[in-house]
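Topology and contacts: notes
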Amino acid sequence: MLRSELRLVSLLRKKNSVSQSSSTASVEMAQKGVHLDRESFSCSICLDLLKDPVTVTCGHSFCMNCIQSYWDTEDEKKIYSCPQCRQTFTLRPVLMKNTMLAVLVEELKKSGLQAAPDDPSNAQPQDVACDVCSGRKLKAVKSCLVCLISFCEKHLQSHYESPAYAKHKLVEPSKTLQENICSRHDEVMKMFCRTDQQSICYLCSVDQHKGHDTVSAAAERTERQKDLEESRENIQQRIQDREEDVKLLQQEVEAINSSADKAVDHSQKIFSQLIRLMEKRRSDVEQQVRSQQEREVSRVKELQEKLEQEITELKRKDADLQKLSLTEDHNQFLHSYPSVSEPGQPADSSRINIRPLRYFEEVTAAVSEVREKLQDLLTETWTNVSQAVTEVDVLLSEPPEPAEPKTRAGFLRYSKRITLDPNTANRRLLLSDGNRRATLTEQLQSYPDHPDRFTVWAQVLSRESLTGRCYWEVDWRGKGVRVAVAYKTISRAGNSDDCRFGFNDKSWRLNCFADKYEFIHNKVDTDVSGPPSSRVGVYLDHRAGILSFYSVSETMTLLHRVKTTFTEPLHAGLLPYEASVEFIELK
């Protein structure tokens, strides 16, 4: 490294001696000279100019952070190596900053000269570097499983040219070659122990793996390659099947969208026609009302005018009579009286009769009646329309759901490990055996307050939520037990039926006693017959809406089956009656 440092000093001095009047060509040549030597002052780990350079005892220099990070990955092996020359150290070397090299690198940075474009064949941090190259390392093109090192194109030629390497196995460049070395014997692991399912070296096969079923790694690879090919064939077939399913589903989507668009367009046309019909009827009613209004108003006004003329005439007569009554000349009074006192006969002396003030109220009532009939009709027919919409169901070509098992072995395929949730347990219940057993006691337990706890009824729910297909068994000792399932949203506080298993629409329970069974849901009791047993099996198919209870002994006997629709995940529940109840660990 000292030679490179001296060369850089010389180059920097030459650069500083170049005058401002020097020709452009000479400056470019000087720059090219610096470019050529810049690689000597680059870290072979990060491939950038050295930062806080340190020099290892083998003479190679690296960035302080780069070499420390590199050795951090080797801490477990307790063997440290130089990334450039592969020299190993049993103790992690103490690193000291190379002050002179740091000054020279800073001078190079201040010179303002940039590195030449990187050669694409140079190894980058993400690449596998050639283990043979010194200085700037090139990309490896192959790794040798015999030599356990990687080669660039140049250093790989000997493997192609020399017969000594003819049997060497070349693979794509790998960063994990050292994983092929046995950490115990420092030998290449060419064997495989089928007993322990791990790669081993030859010495392992006669040492700690003596007597085990061992084969060569190549033989094991051949066997597993067959399995791999079969797995690939299965996967590829499934991919092909699923791709066909995706195409089918895409066609279904297009068909659904097309049918829905047609239905919406047709509905819009129908409702638009109905709206236009209603608008026409509304206009007809308005026109008839206005026309009748005009006729009636005209008649009333005509009669009103006649009455007003009669009133005027009568007022004139009244004025004449008043004037005559004031005449003092008796002869004049008697002479004028016959002509003045005779009132003229009106065209119609009868009184005007007005109907009760209803006018067009009957029209309003008739229109309202039409509205009510339309509402009733729409309500009645809308149910059919809505039902027709909701009954649209696209049947996917999924495999049919397997039928409910017939044997206990079949049920055990869906066995579910159930544990009880202490936060839900009533204080009269003692939980034990890893929270799988619940015992009714007279002494209250010191459980902390919790919103999920049943405060009155001696009940407890499982910690696990139950969906899909599940099976579990309950074993009980004592007077009896209520085996239940419930939604998590069941009420907890108080003694109302909303909190009690089987007495609401959020829970289902089977009462088990020595001489009888009874099923309860939403306060409806159903007597159940079956052979007595201290063990009860519960089978749930959440998706299919099936809940079945079985008496388990030497055989399984169906006690009761529920067919419904579950809207939430379920939890297993217990309500012991002077008994101890346990969820069985099924195998």
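Every value quoted in this text rests on a predicted model; they were computed, and no experiment measured them.

**Focus on the overall build of the protein chain**
Looking only at helices and strands, the protein chain has 10 helices and 21 strands in total. Counting over 587 residues, the protein chain shows a buried share of 29%. Once local pairs closer than 6 in sequence are excluded, the contacts in the protein chain between residues at least 24 apart make up 55%. Of the roughly 39200 Å² of accessible surface on the protein chain, a fraction of 52% belongs to carbon and sulfur atoms.

**Digging into the sheet that holds strand β8 (residues 191–193)**
Strand order in the open sheet formed by three strands is β9-β8-β10, and the pairing between neighbours is antiparallel. Taken across any chain shown, the strands that pair with only one partner, and hence form the sheet edges, are β9 (198–200) and β10 (214–216). Adjacent strand axes in the sheet meet at a mean angle of 35°, parallel and antiparallel pairs treated alike. Pairing of β8 with β10 involves three bridges; the strand directions are antiparallel. Its bridge partner being in β10, F192 is matched across the sheet by V215. Taken strand by strand, helix α7 (residues 217–325) contacts β8 and β10, and its axis lies near 90° from that of β10.

**Focus on the side chain of S551**
Inspection of the secondary structure puts S551 in strand β19 (residues 546–552). There is a polar contact of 3.0 Å between the side chain of S551 and the backbone oxygen of P531. Contact partners of S551, with chain neighbours within four places excluded, come to Y517, P531, P532, S533, R535, M556, T557 and L559.

**Brief notes about the sheet that holds strand β6 (residues 149–151)**
Taken together, the three strands give an open sheet; going across it, the order is β6-β5-β7, and neighbouring strands pair in antiparallel fashion. In this open sheet, the two edge strands, each paired with only one partner strand, are β6 and β7 (170–171). In this sheet, β7 lies alongside strand β5 (residues 142–144) in antiparallel orientation, the contact comprising two bridges. Directly across from S143, in β7, lies its bridge partner V171.

**Structural notes on the pairing of strand β14 (residues 469–487)**
Within β14, 16 of the 19 residues are buried, which leaves it mostly tucked inside the rest of the structure. In the sheet, β14 pairs with strand β18 (residues 535–541) via seven bridges, with the strands oriented antiparallel. What sits directly across from E473, in β18, is G537. The pairing of β14 with strand β21 (residues 570–583) spans 13 bridges and is classified as antiparallel. When the bridges of β21 are listed, W476 appears paired with V581. In this sheet, strand β15 (residues 507–513) lies alongside β14 in antiparallel orientation, the contact comprising seven bridges. Paired with A484 across the strands is R509, a residue of β15.

**Structural notes on a nonpolar patch on the surface**
Judged by side-chain polarity, I270, F271, L274, I275, L277, W382, V385 and V389 come together as a nonpolar surface patch covering roughly 730 Å² of accessible area. Sorting the residues of the nonpolar patch by element identifies α7 and α9 (361–390) as the ones contributing at least two each. Examining the composition of the nonpolar patch, we find that five residues originate from one element, α7, more than from any other. Looking at the element boundaries, I270 is found in helix α7. I270 sits in the partly exposed class, given a relative accessible area of 34%.

**A closer look at the packing of aromatic side chains**
Counted according to the given criterion, the structure contains 12 aromatic pairs. A centroid spacing of 6.4 Å and a plane angle of 75° characterise the contact between W71 and F89, whose relative ring orientation is edge-to-face. Of this pair, W71 sits in helix α3 (residues 64–72) while F89 sits in strand β4 (residues 88–89), placing them 18 residues apart in sequence. A relative accessible area of 0% means that W71 is categorised as buried. For F89, a relative accessible area of 11% corresponds to the buried category. A centroid spacing of 5.3 Å and a plane angle of 75° characterise the contact between F411 and Y539, whose relative ring orientation is edge-to-face. Of this pair, F411 sits in helix α10 (residues 408–412) while Y539 sits in strand β18; the two residues are 128 residues apart in sequence, bridging distant segments of the chain. For F411, a relative accessible area of 1% corresponds to the buried category.

**Notes on the pattern of salt bridges**
Where charged atoms from two side chains of opposite charge come close, those side chains can pair. Scanning the model with the defined rule gives 31 salt bridges in all. Notably, a salt bridge pairs R561 with E404, separated by 3.2 Å at the nearest N-O pair. Linking R561 in strand β20 (residues 556–563) with E404 in the loop between α9 and α10, this pair joins segments that are 157 residues apart in sequence. Assessed through its relative accessible area of 41%, R561 is described here as partly exposed. Of the charged contacts in the structure, one is a salt bridge between D497 and K523, with a shortest N-O distance of 3.4 Å.

**Here we look at helix α8 (residues 330–341)**
Its 12 residues give α8 an end-to-end C-alpha distance of 15 Å, which sits within 8% of 16 Å, the value for a rise of 1.5 Å per residue. Its side-chain oxygen at 3.0 Å from the backbone nitrogen of N331, D329 defines the N-terminal cap of α8.

**A closer look at unusual backbone geometry**
Backbone geometry at D52 places phi at a positive 50°, although glycine is not the residue there. In this structure, D52 sits in the loop between α2 (24–38) and β1 (53–55). One non-glycine residue, K523, lies in positive phi territory at about 70°. Residue placement: K523 occurs in the loop between β16 (517–521) and β17 (524–528).

**Some words on the pairing of β16**
β16 sits mainly inside the fold: four of its five residues count as buried. The pairing of β15 with β16 spans five bridges and is classified as antiparallel. Bridge pairing in β16 places W508 opposite H521. In this structure, the hairpin formed by β15 and β16 is closed by a connection of three residues. Of the pairings in the sheet, the one linking β16 to β17 comprises five bridges and is antiparallel in character. By the bridge assignment for β17, I520 is matched with D525. In this structure, the hairpin formed by β16 and β17 is closed by a connection of two residues, where N522 is found at a positive phi of approximately 55°.

Procedures and definitions
Residues numbered from 1 in each chain as written. Predicted model: local features only at pLDDT ≥ 70, side-chain atom pairs only at ≥ 80, totals over all residues. Heavy atoms only, no water. Helix = DSSP H or I, 4+ residues; strand = E, 2+ residues; numbered from the N terminus. Buried < 20%, exposed > 50% of the residue type's maximum accessible area, 1.4 Å probe, protein only. Contact = heavy atoms within 4.5 Å. Areas by Shrake-Rupley, 256 points an atom, 1.4 Å probe, with all protein chains shown as cover. Pairing = 2+ DSSP bridges. Axes fitted to C-alpha atoms, helices over the stretch in contact; angles between N-to-C directions. Polar contact = N/O pair within 3.5 Å; in protein donor to acceptor, adjacent residues only side chain to side chain. Patch = residues over 30% accessible without salt bridge, like charges linked within 9 Å, V, L, I, M, F, W, Y side chains within 5 Å. Salt bridge = Lys/Arg side-chain N within 4 Å of Asp/Glu carboxyl O. Phe/Tyr/Trp six-rings, centres within 6.5 Å; stacked < 30°, edge-to-face > 60°. Expected span 1.5 Å × (residues − 1).

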